[in-house]
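Here's the letter readout for the chains.
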Amino acid sequence: MKKGWEGRITNSPDETISAGVEFSRYIEPGDVFQMVGNLAAGKTTFLKGVATGIGFTGEVTSPTFTLINEYNSNPKIIHVDCYRENDLNRWINIGLPEYFTSRNIVFIEWADIIEPLLSDVQYLLKFSHMGRDKRKIEFIEK
Ligand code: ADP
Ligand code: MG
């Protein structure tokens, strides 16, 4: 991750997508990002912007039931959602740690649920509601 992205307050889904596009310019292959924040705080919307910025043109949706989506951009984006699976062994068995390689960019929604597996993860994106259409996005180096 390159230095300099300071986070954003956005006033619409479109602004959150733009924030994601902007954020994508700072990402480097191998980066892993924990994403935390309540339902509808904008995690998936932000990632839509990131994927667009990296050059992925397909659909980006929360892998709530499939657990992991792979987007075939270059570098590949791995989109993880922990909301419905809190069994750490299940995550190990489906090979989550193997996605953490220098060839991928990994985003983990609801990362707080599997925190013990993520002690080496360096970056945290924190999403908060500030009003009906207003969201705060914070970037924290752990
Ligand atoms: P999460 O993945 O955190 O559950 P989503 O990105 O899927 O959240 O959904 C965010 C919801 O909030 C969408 O329905 C979106 O239209 C709405 N929304 C309203 N204002 C914003 C904003 N400023 N940024 C992102 N989403 C917003
Ligand atoms: Mg989501």
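Computed from a prediction, not measured in an experiment: that's the story for all the values here.

Considering the pattern of salt bridges
Under the definition given, this model contains 6 salt bridges. In this structure, the salt-bridge partner of Glu-70 is Lys-76, at a minimum N-O distance of 3.0 Å. Here Lys-142 ties to Glu-115 by a salt bridge, and the two come within 3.7 Å at their closest N and O atoms. Here the residue Lys-142 occupies a position in the segment after β7 (135-141), and Glu-115 occupies one in the loop between β5 (104-109) and β6 (123-129), the gap between them amounting to 27 residues. For Lys-142, a relative accessible area of 46% puts it in the partly exposed group. We classify Glu-115 as partly exposed; its relative accessible area is 33%.

Observations concerning the side chain of Gln-34
Turning to its location among the elements, Gln-34 is positioned in strand β2 (residues 32-36). Overall, Gln-34 belongs to the buried group, its relative accessible area being 1%. Among the polar contacts made by the side chain of Gln-34, one reaches the side chain of Glu-115 at a distance of 3.5 Å.

Criteria and cut-off values
- Residues numbered from 1 in each chain as written.
- Chains lettered and ligands numbered in written order.
- Predicted model: local features only at pLDDT ≥ 70, side-chain atom pairs only at ≥ 80, totals over all residues.
- Heavy atoms only, no water.
- Salt bridge = Lys/Arg side-chain N within 4 Å of Asp/Glu carboxyl O.
- Helix = DSSP H or I, 4+ residues; strand = E, 2+ residues; numbered from the N terminus.
- Buried < 20%, exposed > 50% of the residue type's maximum accessible area, 1.4 Å probe, protein only.
- Polar contact = N/O pair within 3.5 Å; in protein donor to acceptor, adjacent residues only side chain to side chain.

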